[in-house]
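Fold and contact review
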Amino acid sequence: MTVPVKSEIASGTGTRHIGLVSEIDIRRTLSMLWRRRWMILAILALSVAGSWLFVSRIEPVYTATTQVMIDSRRTRIVDIKEVLSQLSPQLVTVASEVEVIRSRGLAQRVSDTLDLYKDPEFNPRLRTQPESRIGALIGAVKNGVRSLFGGDSQDTTPSPAEERENVVSRVHLGLSVSVVPQSMVIQISYQSTSPNTASRVANAFAEAYIAEQLEAKFEAIRYATSWLNDRLASLRQTVGESERAVNAYRAEHNIQENRGQPANQQKLGELTTQLTAIQARRVEQEARLARVEQMRATGAAGALRADELLDSPLVLKLKEQEATLAREASEMASRYGDRHPQMVKVKAELEEITSRINTEINKLASGLRSDVAVLRDREAGLSGQIRALETNAFSQNTAEVRLRELEREAQANRAIYETFLTRFKETGEQERIQQADSRIISLSTPPKIPSYPRKGAMVLGAAIIGLILAVALAMVIEQFDNTFRSGLQVEQYTGVPALGLIPEIRNTGADTRVESYVVDKPESSYAEAYRIAWFAAKHAANAPDPQVLVITSSVPEEGKSLTALSMARTASGLGLKTILIDADLRRASIASKMGIQPEKTIAKVLTGEITLADAVIRDPVSNLDVLPGVPSNRRVIDLLRVSDELRTLIESLRQNYDIIIIDSPPALSVADIQVLARLADATLFCVRWDATPRESVQAALRSLQDHQVQLSGILLTRVNVQRHASYGHRDIGYYYGRYHSYYTE
């Protein structure tokens, strides 16, 4: 298979994937980690050992925690409003109380309560540890610097006040306060190198916080009581003055009151009520009198009797008698005549009763006229009295306006005085029943396990970090590995087909050489790899079978010459008449690999000193013909000067051989490859596995491209099949390593 080298592939921009993320494959990544497991394990062990050594030298720190809850529930013995309101159950309130606990003042209170000024943990001056030589040296240097600049080099002891402040600062430094989420509970934690000290100080902070709450309330009550007492004395005097002013003004203007109202005003109201009642009675009697007079004038006495005077007992009785006699008269009229004595008697009685009824009606009418006259007189009298009172009341209105002002002022002063007096008494009682807004719900106990350092967690964290760094380092090393390890990498980077992988033979045995391995071990994986490569190079699709094949590489030591010899022996073993030309005139090695030292070489053939037939020799282990090169101690000829002779030589060989394989110098070393490649039908490029830099391969391919070289493909040589299998490439090299028992090595 012969393909031209594309420009974008030769420049390294073809299908190459640059970047860590684009090349990540889980299987290959795991394989890479397995290959570099010893480096990873070493870094992991160093991380664990170093972290354990570090945490072992750290002085343990213990943390004790006390819990305090802000309790909005209160025990109310009496319903008295407090001077200092209780804390509301809000997050803002809780946060404010947290800051109160964190305050320096509370730390100083705890320091005073526990007398931490005498504790060496908080007061470095009391520590009795001997000073190290380094510490003494540093102190001497500091004193020398101070004396050099005119400072006091001796007296560095802090004053008692500074010492106390330093102790408070150290006490405050170990405190941490937090809030339990979604609750009113505050956690007071304290860190110390002593578990007992941590527990003692944490509890002391909680108790000091509760005590400070109570003291704040007591102080507020005492201040309020003192202020109320002073204010009551002033208010008492003000109330007395305002009430005396009201009484003096009332006496001056002769203003009297009955049940809170002026006497004139009260009497005027009573007379008005009486006048209204009399006027209503008069109107009623006048209406009745007018109706009676109208009935008498029209002669409707019967109607009058039946209507207006029914409320008279006498009239009602007479009417009953009249009705009875009228009924008897009606009954007698049907039996007797009008002249019958009984009828005459009854009629006489009816007339008498009717006369009496009329007489009574006249009396009632006269009584109505008398009542109306009396009511009119009384109405006139009351109206006169009311007018007189109204005249007197109008004269007092101006004085009463001022009086009301004085009374309102006196009432306001008294109300204020009574309010303050009540509050003064309540405040005095509050001091006896005060309770804090918070309570301790959990006291701390001396912790058994240090909170820092957490050796297990720190060592585990260091191990994880070390493992991550080791893996990252392995991936970086892998990413910056600039060689080829698989045919897929070759094709992706160069765009040239990979024809196969040639295993590296390390242990050939006492009676076998690497150079003759394909002949001595024809069923080995090594020989099979060359047969596969030969078939790929010889029988390429869409390309004529090459007769002249040049084998080259980018740099020396890539197995180029061994490949040329093995490929030639493989072709010869397949029954093809093959000749191998050692055209690496500067470092000819084919003859030495065959174990011969020829005197007649290709150089003499090209210079015309000998004929081709004289120079060609037979391979001792195969039917291969070889045209050896110049030994390294001989003078080297320039193929550029004998290119015509070389062309003639190649054409002559084409007539006599089926396959012509040429071992060419490296492409980056000399220019001979330019001559040889043009005379060949195809070029096979060798790359040493996990050794040849990609840039060298790229440069060599670019050089071949510049001279229109037809590449048959690239062959990876000297493959370490065990390492290759560990890389996770599932190509032919993987099976050489994994299933090597399948072959006869």
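Residues numbered from 1 in each chain as written. Predicted model: local features only at pLDDT ≥ 70, side-chain atom pairs only at ≥ 80, totals over all residues. Heavy atoms only, no water.

Along the chain, Asp 619 falls in the loop between β11 (617-618) and β12 (625-627). Of the residues examined, Asp 619 reaches a relative accessible area of 2% and is grouped as buried. Within the local environment of Asp 619, its side chain forms a polar contact with the side chain of Ser 622, the two groups lying 2.5 Å apart. When neighbours within four sequence positions are excluded, Asp 619 is seen to be in contact with Arg 569, Met 594 and Leu 624. (Helix = DSSP H or I, 4+ residues; strand = E, 2+ residues; numbered from the N terminus. Buried < 20%, exposed > 50% of the residue type's maximum accessible area, 1.4 Å probe, protein only. Polar contact = N/O pair within 3.5 Å; in protein donor to acceptor, adjacent residues only side chain to side chain. Contact = heavy atoms within 4.5 Å.)

Okay, the nonpolar core next. Counting residues in hydrophobic clusters, the biggest one holds 47 residues, and the most contacted among them are Ile 581, Leu 627, Leu 649, Ile 662 and Phe 685. A per-element tally of this core places helix α22 (residues 672-679) first, with five residues. If we skip the residues at most four places from it in the chain, Ile 662 touches Val 548, Leu 549, Val 550, Ile 551, Ile 581, Ala 583, Ile 650 and Leu 676. Tyr 117, Leu 175, Met 184 and Val 201 belong to the second-largest nonpolar core, a separate cluster that totals 33 residues. (Core = buried A, V, L, I, M, F, W, Y, C linked by side-chain atoms within 4.5 Å.)

Attention now goes to the sheet that holds strand β3 (residues 175-179). Within a sheet, each strand pairs with its neighbour through backbone hydrogen bonds, oriented either parallel or antiparallel. Strand order in the open sheet made by the four strands is β3-β4-β2-β7, with antiparallel pairing throughout. Lying at the two open borders of the sheet, with one neighbouring strand each, are β3 and β7 (438-442). With strand direction ignored, the average angle separating the axes of adjacent strands in the sheet is 30°. On top of the sheet, helix α8 (residues 195-252) reaches β2 (62-70), β3, β4 (185-192) and β7; it is set at about 20° to β2, its chief contact. (Pairing = 2+ DSSP bridges. Axes fitted to C-alpha atoms, helices over the stretch in contact; angles between N-to-C directions.)

For the rest of this paragraph, the subject is helix α14 (residues 487-494). Where α14 is concerned, the buried positions are Gly 487, Gln 489, Val 490, Tyr 493 and Thr 494. Burial along α14 is one-sided: seen end-on, the buried residues are contained in an arc of 160°. At the C-terminal side of α14, Gly 495 shows a positive phi close to 80°. (Arc of directions from axis to C-beta.)

The next subject is the side chain of Ser 554. In this structure, Ser 554 sits in the loop between β9 (548-553) and α17 (560-573). Within the structure, the side chain of Ser 554 is placed 2.8 Å from the side chain of Glu 558, a separation counted as a polar contact.

Moving on to the pattern of salt bridges. Evaluated as defined, the whole model comprises 20 salt bridges. Among the salt bridges present, the one from Asp 115 reaches Lys 118, with a minimum N-O distance of 3.7 Å. Where salt bridges share partners, they join Arg 109, Glu 212 and Glu 215 into one cluster. (Salt bridge = Lys/Arg side-chain N within 4 Å of Asp/Glu carboxyl O.)

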